[in-house]
Number of protein chains: 2
Amino acid sequence: MRATIKDVSAAAGVSTKTVSRVLNGERYVSEALRLRVEMAVAQLDFQPSAVARILAGKRSNQIALIYDNHSPHYIHQIQTGIWERCLEQGVRLLAQPSDAGSPNLAREVGELIDQTRVDGVILSSPVTDASAALEALDKLGAPYVRISPGTDHGRSSSVSMDDAKAADDMTSHLIALGHRRIGFIFGHPNHTASDLRHFGYRRALDRAGLSYEPKYVRPGLFDFASGEAAADTLLDLPVPPTAIFASNDDMAAGVLTVAHRRGIAIPQDLSVAGFDDTALASQLWPPLTTVRQPTRQLAYAAASLLFDGDGVPVHRRLPHELVLRSSTAAPRSRSEA
Amino acid sequence: MRATIKDVSAAAGVSTKTVSRVLNGERYVSEALRLRVEMAVAQLDFQPSAVARILAGKRSNQIALIYDNHSPHYIHQIQTGIWERCLEQGVRLLAQPSDAGSPNLAREVGELIDQTRVDGVILSSPVTDASAALEALDKLGAPYVRISPGTDHGRSSSVSMDDAKAADDMTSHLIALGHRRIGFIFGHPNHTASDLRHFGYRRALDRAGLSYEPKYVRPGLFDFASGEAAADTLLDLPVPPTAIFASNDDMAAGVLTVAHRRGIAIPQDLSVAGFDDTALASQLWPPLTTVRQPTRQLAYAAASLLFDGDGVPVHRRLPHELVLRSSTAAPRSRSEA
DNA sequence: GAATAATATGACACCGATGACATACCTGCC
DNA sequence: GGCAGGTATGTCATCGGTGTCATATTATTC
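Residues numbered from 1 in each chain as written. Chains lettered and ligands numbered in written order. Predicted model: local features only at pLDDT ≥ 70, side-chain atom pairs only at ≥ 80, totals over all residues. Heavy atoms only, no water.

**Things to note about empty space enclosed by the protein**
Line of reasoning, step 1. On inspection of all chains with the given rule, the structure shows 3 cavities of 30 Å³ or more.
Line of reasoning, step 2. Here the largest cavity defines a volume of roughly 70 Å³.
Line of reasoning, step 3. Tyr67, Pro72, Ile75, His76 and Gln79 of chain A together with Pro72, Ile75, His76 and Gln79 of chain B together form the lining of the largest cavity.
Line of reasoning, step 4. Only α5 (72-89) of chain A together with α5 (72-89) of chain B provide two or more residues apiece to the lining of the largest cavity.
Line of reasoning, step 5. Classifying every residue of the lining of the largest cavity gives 5 nonpolar, 4 polar and no charged. (1 Å grid on protein atoms, 1.4 Å probe; cavity = no way out; pocket = protein on both sides within 12 Å on 5 of 7 lines; lining within 4 Å. Points joined across faces, edges and corners; volume = space filled by probe spheres on them. Helix = DSSP H or I, 4+ residues; strand = E, 2+ residues; numbered from the N terminus. Nonpolar A, V, L, I, M, F, W, Y, C, P; charged D, E, K, R; others polar.)

**Some words on the relation of the copies chain B and chain A**
Line of reasoning, step 1. It takes a turn of 179 degrees to lay chain B on chain A, together with a shift of 0.2 Å along the axis; the resulting RMSD is 0.5 Å. Seen this way, the second copy is the image of the first under a two-fold rotation axis. Residues of chain B ranked by C-alpha distance from the rotation axis are headed by leucine 94 of chain B, positioned 2.5 Å from it.
Line of reasoning, step 2. Interface overlap between copies is the fraction of interface residues in one copy that are interface residues in the other; for chain B against chain A it reaches 100%, indicating a shared surface. (Least-squares fit on C-alpha atoms with pLDDT ≥ 70 in both. Contact = heavy atoms within 4.5 Å.)

**Focus: the protein's contact with DNA strand D**
Line of reasoning, step 1. Contacts to DNA strand D come from 28 residues, most closely from Thr18, Arg21 and Ser30 of chain A together with Ile5 and Ser20 of chain B.
Line of reasoning, step 2. Sugar plus phosphate: this is where 66% of the atoms of DNA strand D within 4 Å of the protein reside.
Line of reasoning, step 3. Between DNA strand D and serine 15 of chain A there is a distance of 3.1 Å, counted from a phosphate oxygen to a backbone nitrogen or oxygen.
Line of reasoning, step 4. Those elements giving two or more residues to the surface near DNA strand D turn out to be α2 (16-23) and α4 (50-56) of chain A together with α2 (16-23) and α4 (50-56) of chain B.
Line of reasoning, step 5. The biggest single contributor to the surface near DNA strand D is α4 of chain B, with 4 residues. (Near = heavy atom within 4 Å. Polar contact = N/O pair within 3.5 Å; in protein donor to acceptor, adjacent residues only side chain to side chain.)

**Re the packing of helix α1 (residues 5-12) of chain B against α2 of chain B**
All names here are of chain B.
Line of reasoning, step 1. α2 packs onto α1 with a crossing angle of 105 degrees between their chain directions and a minimal axis gap of 8 Å. Overall, the two elements α1 and α2 adopt an arrangement that is roughly perpendicular. Contacts from Ile5, Lys6, Val8 and Ser9 of α1 reach α2 at Thr16, Val19 and Ser20.
Line of reasoning, step 2. Here the contact of α1 with α2 is built from residues that sort into 3 nonpolar, 3 polar and 1 charged. (Axes fitted to C-alpha atoms, helices over the stretch in contact; angles between N-to-C directions. Parallel < 35°, antiparallel > 145°, perpendicular 65-115°, else oblique.)

**Some details on helix α9 (residues 192-207) of chain B**
Because an α-helix completes one turn every 3.6 residues, residues spaced three or four positions apart along the sequence face the same direction.
Line of reasoning, step 1. Look at α9 of chain B: 23 Å from first C-alpha to last across 16 residues, which is about the 22 Å you get at 1.5 Å a residue.
Line of reasoning, step 2. Once α9 of chain B ends, the next one or two residues include glycine 209 of chain B, with phi positive near 80 degrees. (Expected span 1.5 Å × (residues − 1).)

**Focus on the domain arrangement of chain A**
All names here are of chain A.
Line of reasoning, step 1. Per the domain assignment, the segments making up chain A are domain 1 (5-48), domain 2 (62-161 + 295-319) and domain 3 (163-293).
Line of reasoning, step 2. Listed by partner, the interface residues are 10 residues for domain 2 and 11 residues for domain 3.
Line of reasoning, step 3. For the pair domain 2 and domain 3, the two sides together bury roughly 920 Å², of which 54% comes from carbon and sulfur.
Line of reasoning, step 4. One can count 5 residue pairs in polar contact (both at pLDDT 80 or more) joining domain 2 with domain 3.
Line of reasoning, step 5. Residue classes in the side of domain 2 that touches domain 3 are distributed as 3 nonpolar, 6 polar and 1 charged. (Domains from an automatic or database assignment. Buried area = accessible area lost by both parts, 1.4 Å probe.)

Following this line, the structure appears as C-alpha cells:
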C-alpha cells in the first residue's frame with residue numbers, strides 16, 4: 001500500500017500537521033524539521049492523496065473542460081492548449097463532452113461541480129453560450145472562463161479572436177484579387193462565430209462599395225456535406241460567384257469536391273477560402289487559403305485566466321492570421337462586374 | 001451550500017448509513033425507508049460528493065485515458081467511444097496526454113494512479129507498448145486495458161482490429177483490380193500497427209505470386225508530409241507503381257497532393273488507398289478508398305472490458321471494413337507486368 | 001415454542017489530508 | 001522581570017461519505 005502522511009510523520013518523528021506544512025510550503029517550519037520531513041517523503045516515495053486534499057482543503061487541483069464540438073481538430077487543439085497550461089500548474093484536466101442543447105445541461109454541469117469539486121471550468125463554443133450552463137455555474141459560484149463566447153461578454157472572463165475582423169480580412173483579400181461576386185457559406189447557427197463571420201464578410205463588401213446579395217449567401221452547418229450542398233446551389237446560379245468563402249475549412253472542402261466533380265478548375269475558375277486552418281486545409285488539393293485561428297493559444301490563455309483570475313472578468317483577444325495558399329487567385333476575367 | 005448526506009438523513013429521519021445504502025442500491029432496506037430517503041434526496045437536490053466517496057470507499061468512479069497520438073481524429077474517436085461507455089456507467093473520464101518516450105512516463109503514471117485513485121486506465125497506442133507505463137501500472141495493481149497494443153498481448157486485456165488482415169485485404173483488392181506494381185508507405189515506426197500493416201501487404205503480394213520489391217516500400221511517419229515525400233520518391237522511379245497504398249489516410253492525402261501537383265490523374269493513372277477512414281478520407285478529391293478502422297467501437301469495447309473485467313486478460317478483436325471510393329480503379333493498361 | 005437464519009437499521013470508526021486553535025519557546029523592550 | 005509579539009509545533013475536529021460490527025426485528029425450521 002502507498003505511504004500516507006502518517007507514515008511520513010512517523011518516519012520523520014513529527015506530527016502530520018508539520019508534514020502537511022512542509023508539503024504546502026507554509027511558513028513557520030524550522031529548517032531542521034523541514035529537512036527531516038523532506039527526506040522521509042523522498043524515502044517513502046510519498047504522494048499526497050489528491051482526494052483527501054480536496055475533501056479537507058479548498059482546492060481540488062482539477063479543472064474541467066466542457067465542450068460540444070464536432071470538429072475533432074478543434075477540440076484537440078483546445079485540449080492540448082489547456083493541458084499545456086495545466087501541466088505547468090500541476091493541475092489535472094477532466095474532459096466533459098456535452099450537448100449544448102440538452103435540457104439536462106444544467107444538471108450535468110451541476111453534478112460535475114458538486115461531485116468533483118473542480119476548481120474551475122473552461123467552456124468552449126457553443127457551450128459558452130448555453131445559458132443553462134452559465135446559470136448553473138454562476139449559482140454554484142464556480143469560476144469559469146469561456147473560449148470564444150458569442151454573447152454576454154461581461155459575464156465572465158474569456159478569450160477570443162476577432163471573428164468579424166478575420167472574415168472581413170479574408171473578404172477584403174478576395175476583393176483585392178479582383179473578385180466582385182463572392183459567395184459566402186454561413187456556419188452552424190448555434191455558434192455565434194457564424195454570425196460574426198457573416199458580419200465581417202458583409203462589412204468588407206460594404207466598405208468596398210459592393211452590394212450585399214442574399215442569393216450569394218447560403219446556410220451551412222460547419223460540416224462537409226453542408227458545404228457541398230451550398231456550393232451546388234451557388235454554382236447553379238445563372239451568374240455564379242467567382243469566389244466562395246466558407247465559414248470553416250470542412251465546408252470549404254465540400255466546395256472543392258463539388259468543383260472537382262463539375263470540372264471547375266481551382267483557382268482559375270473559382271477561388272475558395274476557408275476558415276480555421278485545420279490540418280485538412282493544407283492536405284486538400286489545392287491547399288486552402290484560410291484564416292488561422294489561434295486555437296491552441298486561446299485555450300492556453302483561457303487556462304491562464306482561470307488560474308490567475310481574481311473574479312474580475314478579463315478578456316483577452318488573440319490575433320488571427322490570413323494563410324494564403326493556392327485555392328485563391330484573381331478571377332479569370334476582371335471585366336466582370 | 002450544497003446538501004450533504006447528513007442533511008438528507010436528518011430530513012428523512014434515518015441514519016446516514018441508511019441513506020448511503022439507498023444511494024448505492026444495497027440490499028436490506030425496507031421499501032418505506034427507501035421511499036422516504038428518495039424523497040429527501042429529490043427535495044434537497046442532493047448530489048453525493050465523489051471525493052468523499054473515493055476517500056471512504058474503494059471505487060473512485062473515475063478512469064483515465066492515457067494517450068500520445070498525433071492524430072486528433074483518432075483521439076477524438078477514442079475519447080468519444082470511451083465516454084459513451086462511461087456515461088452508461090456513471091463514470092468520469094480523466095484525459096492524460098503523455099509522451100510515450102518520456103523518461104518520466106513511469107512517474108507520471110504512478111502519480112496519476114496515486115493521486116486520483118482512478119479505478120482503471122485505458123491506454124491507446126503507442127503508450128500501449130511503453131513498458132515503463134505498463135510496469136508502473138502492474139506495480140500499483142491498477143487494472144488497465146489497451147487499445148490496439150502491439151506487443152506482449154498476454155499482459156492485459158485489450159481490444160484490437162486485425163491490422164495485418166486489413167492491409168492484406170486492401171492489397172488484395174488492388175491486385176484484383178489488376179495492379180502488379182503496388183507501392184507501400186510504412187507507418188510511424190513507433191506504432192506496432194505499422195509493422196502489421198506492412199506484413200499484411202507483403203503477405204497479400206506473396207499469396208498472389210507477386211514479388212516483394214523493397215524499392216516500392218517507403219518509410220513514413222503517419223503524417224501528410226511524409227506521405228508527400230514517399231510519393232515523390234515512388235513516382236520518380238523509372239518504372240513507378242500503378243497504385244500506392246499508404247498506411248494511413250494522412251499520408252494518402254500527401255500522395256494525392258503530389259499526384260495533383262504532377263498532373264497525374266487519379267484513379268486513371270494512379271490508384272491510391274489509405275487506412276483509417278478518417279473524416280479526411282471522404283473530404284479529399286477523389287474520395288479515398290481506405291480501411292475503416294472501428295476506432296470508436298474499439299474504445300467503447302475497451303471501456304467495457306475495464307468495467308466488466310475480473311483480472312483475467314480478455315482480448316476482443318473487432319472487424320474492419322474496406323471502404324471502396326473513387327481513388328482506386330483498374331490500371332490504364334493491364335498488360336504491364 | 002425455541003433455535004436459527006434472514007432482514008433491517010444504526011453507531012461509530014475510518015479514509016488522508018487540512019483548518020482552527022492551543023501551546024511552548026524565543027526575542028526584544030520598557 | 002514581565003509582557004507583547006513573532007516563531008515553531010502539536011492536538012483535535014472536520015471534510016462527506018463508506019465499512020464493520022452490533023443489535024433489533026421478522027421469518028423459517030424442527
